[in-house]
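# Descriptive analysis of the structure
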Amino acid sequence: MPTSDVVWCEACLSYFAPVPRCQQCGLTTLIPVDKCGACLNHPPPWDRLICVGEYQRPLKPLIHQFKYQRKFWLAYDLAQLLAKHIEEPAPMLAPVPLHWRRALFRSFNQSELIAKHLATALEVDMKPNLFCRIKATQMQQGLDRVARKKNLLAAFKLNPTQLPEHIAIVDDVVTTGSTVTILTKLLKKAGVKRVDIYCICRTAESVYPLI
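Described below are features of the structure shown in this document. (Residues numbered from 1 in each chain as written. Predicted model: local features only at pLDDT ≥ 70, side-chain atom pairs only at ≥ 80, totals over all residues. Heavy atoms only, no water.)

## Structural notes on the sheet that holds strand β3 (residues 125-126)
Rules: One requirement defines pairing of two strands: DSSP has to find at least two bridges between them. Only runs of H or I of at least four residues qualify as helices and only runs of E of at least two qualify as strands under DSSP, and these elements are numbered from the N terminus. We call two residues in contact when some of their heavy atoms are within 4.5 Å. Interaxial angle, 0 to 180 degrees, is taken between N-to-C directions of lines fitted to C-alpha atoms, where a helix line uses only the stretch in contact.
Strand order in the open sheet formed by 5 strands is β1-β7-β6-β2-β3, with parallel pairing between adjacent strands. Sheet topology places β1 (48-53) and β3 at the edges, where each strand pairs with a single neighbour. Examined bridge by bridge, strand β2 (residues 92-95) and β3 share 2 bridges and lie parallel to one another. Bridging from a neighbouring strand, Met92 pairs with Asp125 of β3. Docked against the sheet, helix α3 (residues 59-68) engages β1, β6 (166-174) and β7 (194-202), running at close to 100° with respect to β7.

## Let's talk about the packing of helix α4 (residues 74-83) against helix α6 (residues 110-122)
Quick reminder of the rule: Each angle gets one of four labels, with under 35 degrees taken as roughly parallel, over 145 as roughly antiparallel, 65 to 115 as roughly perpendicular, and the rest as oblique. The hand of a helix crossing depends on one turn: near helix anticlockwise from the far one by less than a right angle means left-handed, and clockwise means right-handed. Gly falls in the polar group here, along with every residue not listed as nonpolar (Ala, Val, Leu, Ile, Met, Phe, Trp, Tyr, Cys, Pro) or charged (Asp, Glu, Lys, Arg).
As a packed pair, α4 and α6 sit with axes 8 Å apart at the nearest point and diverge in direction by 50°. Between α4 and α6, the interaxial angle falls into the category oblique. Relative to α6, the crossing made by α4 is right-handed. Where α4 abuts α6, its residues Ala75, Tyr76, Ala79, Gln80, Leu82 and Ala83 lie against Leu113, Ile114, His117, Leu118, Ala121 and Leu122. Taken together, the residues of the contact of α4 with α6 sort by class into 10 nonpolar, 2 polar and no charged.

## Here's the deal with the packing of aromatic side chains
Any pair of aromatic rings gets described here by the distance separating the centres and the angle formed by the planes. To keep things clear, this is the line we draw: Ring pairs shown here join Phe, Tyr and Trp side chains whose ring centres sit within 6.5 Å, with only the six-membered ring taken for Trp; geometry is labelled stacked below 30 degrees between planes, edge-to-face above 60, and tilted in between. Under the scheme applied here, a residue whose accessible area is under 20% of the maximum for its type counts as buried, over 50% as exposed, and between as partly exposed, the area being computed with a 1.4 Å probe on protein chains only.
Scanning the entire structure with this criterion turns up 3 aromatic pairs. Here Phe72 and Trp73 contribute two aromatic rings whose centre-to-centre distance is 5.4 Å and whose plane-to-plane angle is 70°, an arrangement assigned as edge-to-face. Residue Phe72 is classed as partly exposed on the basis of its relative accessible area of 46%. With a centroid separation of 6.4 Å and an interplanar angle of 65°, the aromatic rings of Phe72 and Phe108 are classed as edge-to-face. Of this pair, Phe72 sits in the loop between α3 and α4 while Phe108 sits in the loop between α5 (100-106) and α6, and the two are 36 residues apart along the sequence.

## What about the pairing of β1?
Among the 6 residues that make up β1, 5 are buried, leaving the element largely enclosed by the rest of the structure. In the sheet, β1 pairs with β7 via 5 bridges, with the strands oriented parallel. Within the sheet, the bridge partner assigned to Cys51 lies in β7 and is Cys199.

Encoded structure:
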């Protein structure tokens with residue numbers, strides 16, 4: 001896919017080289033597989049997850065600076081890294097939404113910024129308001145799987161619009177998958193055939209089943 005040059009040197013780019021992963025959940029495996037054992041037994045509701053790497057150095061400090069130190073310009077370079085991993089992009093990207101209070105406090109939605117630059121790199125559409133966060137929730141960081149799921153109950157809605165059969169949800173970090181699970185189910189309930197997850201980082205924590 002067409003992408004612009006990024007600021008990474010060759011040494012940095014070596015840290016982002018692809019590693020074997022399960023194509024569905026995105027967790028690391030010994031060899032590339034379509035479905036790992038966990039996904040064969042308890043598959044997540046989405047169809048494929050594509051990420052740059054683990055939530056560790058050098059990506060972790062970059063994500064932290066991006067989100068919490070308001071270095072919003074890092075979204076471009078992070079999106080370019082992610083675009084290199086996507087061979088057959090979804091025709092529509094939808095960022096994970098923030099509640100308006102948190103967006104006001106942070107001054108931007110990190111997932112929306114990544115999705116905006118990613119859509120440009122992949123030459124696809126991006127719908128910033130496809131999802132709406134209707135309930136302010138506690139931050140997911142630090143919560144276990146059960147607490148994350150409870151925290152997100154009735155937190156989102158899907159805004160009515162014409163949808164393609166294939167959509168990708170964009171987020172910065174996927175940990176337990178609780179948030180993207182809920183959003184995926186909303187899309188599939190609305191008739192979307194295939195839902196992919198595009199994220200910068202996928203943590204090593206496996207928490208299936210999520211339902």
